[in-house]
Amino acid sequence: MSASESRFGRVFDGRSTVRNMFQDQLPVRVVCVTATALITLSCATAAAEADAPDYSLTVGVPRMTRAGQAWAGLVDNRGLGGHFLLSEELVGTVSPSDMSNARFGSAFLVKDVDGDGYDDLVVGAPGHPDRTGQNVPGRVDLLFGTATGISAARAMSLVTPALAGDEFGAALSLSARADDSYGWNLWVGAPGHDVGDATDAGAVFRYALSVDGTPSYVETVTQNNPLVPGIAETDDRFGSVLSGDGGNRTAVGVPNEDLGALADAGTMQLLHTHWLDNTLTQATALNQNSPGVPGTAEAGDHFGAAIASGGLLVGVPGEDVGRIKNAGLVQTFGYPRSVLESGAYTQNSPGVPGVAEAGDRFGAAVSDGIFQCNEQITAAVGAPGEDVGQIRNAGSVTLILQTLRSGLKLSQCPAQVFRQGRGLPGTAETDDQVGSSMGVRSGDPHLDEDRTDAVLIGVPYEDVGTVYDAGRVIVGTGSGALSYGHRNGSHLGMRFGSIFAS
């Protein structure tokens, strides 16, 4: 499989039902553990299985307790090749005593970074201590895939200059390199990084990944870099949100950025690298005070709290719609035609179903894919604070055609809204907060106009029976939508479904 075939794993027919892969009553494949392959197929069937495991339904569970270590974290996958759980002690990168509060799985990427045809995982653990155990800078692990799954033989951690409290690995993204190595730029968010006296101003660490996936540290980027607009300030938390676009840029959300006297108005920085020598070039800052961007920046907007497709889709969950506080907004851009060809949607926009209400936080999570109309990119927008009747904060998800990228009118592919009990499995309940997180399971690009992606919807605050905030994941919308929880059962406060691949 080439790196361009799928953003989230091996290719598959997106139109086919996913029911047989998710029904909890079906037996789960046994995991074989050897010195070199930690994750593989059933011992009895691995040799006969033609395809390696795919990671298209991978969920980060950073609040999971492992080996008696609170919030050690893990990664949970239900893909076509089998179901596995991945944690640091299984990989062998740490001993169980080192994992407490590491929050492994707080961010992760799925990509074939070494070009061998098998997807690899890059996983962040922003609460991980250093080797002395005295400092907690955070950690990022590179886990390489093989024909039988993730291999322990090449597992490695990034060497980092991050310091205690940096939260190195809180966010991750990739962008393309075009220098002699023809590999990738790996961007690692460290929103707790201090810049001089500016506490938690934040930073993004850049690494070069060579053609075989070997990492090397390149630079630390903060808002005090002369190529980055703005100034590093206390509590900006630059690097808390990252999104790559497949080209030579990555978007950095800075939702806590103050714009003048407007506290937490928020902004987005687009970091570019040169196509020839891979050096950092002049970054672009975009916010609601930028020319051509609709609206006006206001305190508490949190522009950039969620980003998809390298900045083409931006969530502004704190946006007030008239006098309606924190109703929320989604900002769209029409790149590559023009980065400043832009539009905005609220739940009061013509053609968008629903009504803007206080606390809806429309835009708290976003993703995009071919979710409804053939060959057209659609935005999936979470509104976790949406009330369903008298049920407060039940949450909803709205699908909206990306008109700037398709050239179509919204009326040609009408927007749709989904809630539990109305297009989504489950029952709407108080504080479920459907749409708190969003992801995409990419369909087979070889299907051309028949390709269909599946939207991934996080319901991390769903109670499962009496287990508070156990969490669920919903795959798809409409009659074929399904939901599932953690393989090994529900756990108090686990918030399963809070993290999808970035």
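Thresholds, definitions, all that
Residues numbered from 1 in each chain as written. Predicted model: local features only at pLDDT ≥ 70, side-chain atom pairs only at ≥ 80, totals over all residues. Heavy atoms only, no water. Pairing = 2+ DSSP bridges. Helix = DSSP H or I, 4+ residues; strand = E, 2+ residues; numbered from the N terminus. Buried < 20%, exposed > 50% of the residue type's maximum accessible area, 1.4 Å probe, protein only. Salt bridge = Lys/Arg side-chain N within 4 Å of Asp/Glu carboxyl O.

(A) Structural context of the sheet that holds strand E4 (residues 107-111). As summarised here, the arrangement of the four strands in space is E4-E5-E6-E9, forming an open sheet in which the pairing is antiparallel. One side of each edge strand has no neighbouring strand; the edge strands of this open sheet are E4 and strand E9 (156-157). Note that strand E5 (residues 120-125) and strand E6 (residues 139-143) share five bridges and pair antiparallel. Residue pairing for E6: glycine 124 is matched across the bridge by valine 140.

(B) Expanded view of the pairing of strand E22 (residues 365-369). With respect to burial, E22 is a largely interior element, five of its five residues being buried. The alternating pattern of E22 places Ala365, Ser367 and Gly369 on one face and Val366 and Asp368 on the opposite face, and all of these are buried.

(C) Up close: the pairing of strand E29 (residues 472-475). In terms of strand pairing, strand E28 (residues 454-459) meets E29 through four bridges, oriented antiparallel. Each bridged residue has a counterpart across the sheet, and for glycine 458 the counterpart in E29 is valine 473. Here E29 pairs with strand E30 (residues 482-484) via three bridges, running antiparallel. Residue valine 475 lies in a different strand from E30, and its bridge partner there is leucine 482.

(D) Examining the pattern of salt bridges more closely. Enumeration according to the criterion identifies 11 salt bridges in this entry. Notably, a salt bridge pairs arginine 154 with aspartate 114, separated by 2.9 Å at the nearest N-O pair. Here arginine 154 is found in the loop between strand E8 (149-150) and E9, whereas its partner aspartate 114 is found in the loop between E4 and E5, with 40 residues between them in sequence. The class of aspartate 114 is buried, set by a relative accessible area of 9%. For the salt bridge of aspartate 368 with arginine 405, the shortest nitrogen-to-oxygen distance reads 2.8 Å. Of this pair, aspartate 368 sits in strand E22 while arginine 405 is found in helix H3 (residues 403-406), placing the two residues 37 residues apart along the sequence. Take aspartate 368: its relative accessible area is 4%, and that puts it in the buried class. When salt bridges that share partners are traced, they join Glu88, Arg139 and Asp141 into one network.

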